[in-house]
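These are the residues of each chain, in order.
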Amino acid sequence: MFFTGEIIKGDVAIKCGKIVGVHDSYAGAKEIDLSGKHIVPGLIDGHIHIESSMLTPSEFAIEYALQRLRKREKEELHMQNGESCGR
């Protein structure tokens, strides 16, 4: 909707707290009827203050990438062990 103004009607699939799909007809283990309601993603405040980290922009980018990689590896390990949502 943000770019086109289009409102998409349909069912929303959520896994581990994240929207993973919008479709005409989903069925799930838990269903909530939101007929007549609107859902929108939360506000994402994308600004940061790199200088507060005491790192150069290059160092900050590397550290951020490493943290994301570690988080992804941890989530994958949890999923391999049969734990849901990496928690």
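Coordinates for the structure precede this section.
A quick note: this is a predicted structure, and the numbers were derived from the prediction, not measured.

Colleague: Before we go on, may I ask you to explain the overall build of the protein in this structure?
Modeller: Check the secondary structure of the protein and you find one helix and two strands. Computed over C-alpha atoms, the radius of gyration of the protein comes to 18 Å, more than 25% over the 12 Å expected from 2.2 N^0.38 for 87 residues, which places it beyond the range of a compact globule. Viewed in the frame of its principal axes, the protein has a C-alpha envelope of about 50 × 40 × 15 Å. Relative to its full complement of 87 residues, the protein shows a buried share of 5%.

Colleague: For this particular structure, what's the right way to read unusual backbone geometry?
Modeller: Across residues other than glycine, the phi torsion is negative in most instances, and most of the peptide bonds are trans. Its identity is not glycine, yet Met54 carries a phi of approximately 65°, on the positive side. Structurally, the position occupied by Met54 is in the loop between β2 (18-23) and α1 (57-80). For Met54, a relative accessible area of 73% translates into the label exposed.

Colleague: What should I look at first to understand the pattern of salt bridges in this one?
Modeller: Pairs can form between side chains of opposite charge once their charged atoms are near each other. The final tally for this structure, using the stated rule, is one salt bridge. Between Glu63 and Arg70 there is a salt bridge whose closest N-O contact spans 3.9 Å. The class of Arg70 is partly exposed, set by a relative accessible area of 47%.

Colleague: Can you help me understand a positive patch on the surface in this one?
Modeller: The grouping of Lys18, Arg68, Lys71 and Arg72 at the surface amounts to a positive patch. The greatest single-element share of the positive patch, amounting to three residues, is contributed by α1. Following the sequence through the fold, Lys18 ends up in strand β2.

Colleague: How should I be thinking about the pairing of strand β1 (residues 11-15) in this particular structure?
Modeller: The side chains of a regular strand alternate, first on one face of the sheet and then on the other. One ladder, built from five bridges, connects β1 with β2; its direction is antiparallel. Counterpart to Val12 in the pairing with β2 is Val22. Linking two consecutive strands that pair antiparallel, namely β1 and β2, is a turn of two residues; a positive phi of about 55° is found at Cys16 within it.

Colleague: What is the right way to read the layout of surface pockets from this model?
Modeller: It is the rolling of a water-molecule-sized probe over the atoms that shows where space remains empty. Approximately 1400 Å³ is the volume found for the largest pocket. Looking at the largest pocket, it is lined by 29 residues, and the ones nearest its centre are Gly10, Asp11, Val12, Val22 and Ile39. For the lining of the largest pocket, the secondary-structure elements that each account for two or more residues are β1 and β2. With four residues, the top contributor of residues to the lining of the largest pocket is β1. For the lining of the largest pocket, the class distribution of residues is 17 nonpolar, five polar and seven charged.

Cut-offs used in this document
Residues numbered from 1 in each chain as written. Predicted model: local features only at pLDDT ≥ 70, side-chain atom pairs only at ≥ 80, totals over all residues. Heavy atoms only, no water. Helix = DSSP H or I, 4+ residues; strand = E, 2+ residues; numbered from the N terminus. Rg over C-alpha atoms; globule rule 2.2 N^0.38 Å. Buried < 20%, exposed > 50% of the residue type's maximum accessible area, 1.4 Å probe, protein only. Salt bridge = Lys/Arg side-chain N within 4 Å of Asp/Glu carboxyl O. Patch = residues over 30% accessible without salt bridge, like charges linked within 9 Å, V, L, I, M, F, W, Y side chains within 5 Å. Areas by Shrake-Rupley, 256 points an atom, 1.4 Å probe, with all protein chains shown as cover. Lys, Arg positive; Asp, Glu negative; His and termini not counted. Charge placed at Lys NZ, Arg CZ, Asp CG, Glu CD. Pairing = 2+ DSSP bridges. 1 Å grid on protein atoms, 1.4 Å probe; cavity = no way out; pocket = protein on both sides within 12 Å on 5 of 7 lines; lining within 4 Å. Points joined across faces, edges and corners; volume = space filled by probe spheres on them. Nonpolar A, V, L, I, M, F, W, Y, C, P; charged D, E, K, R; others polar.

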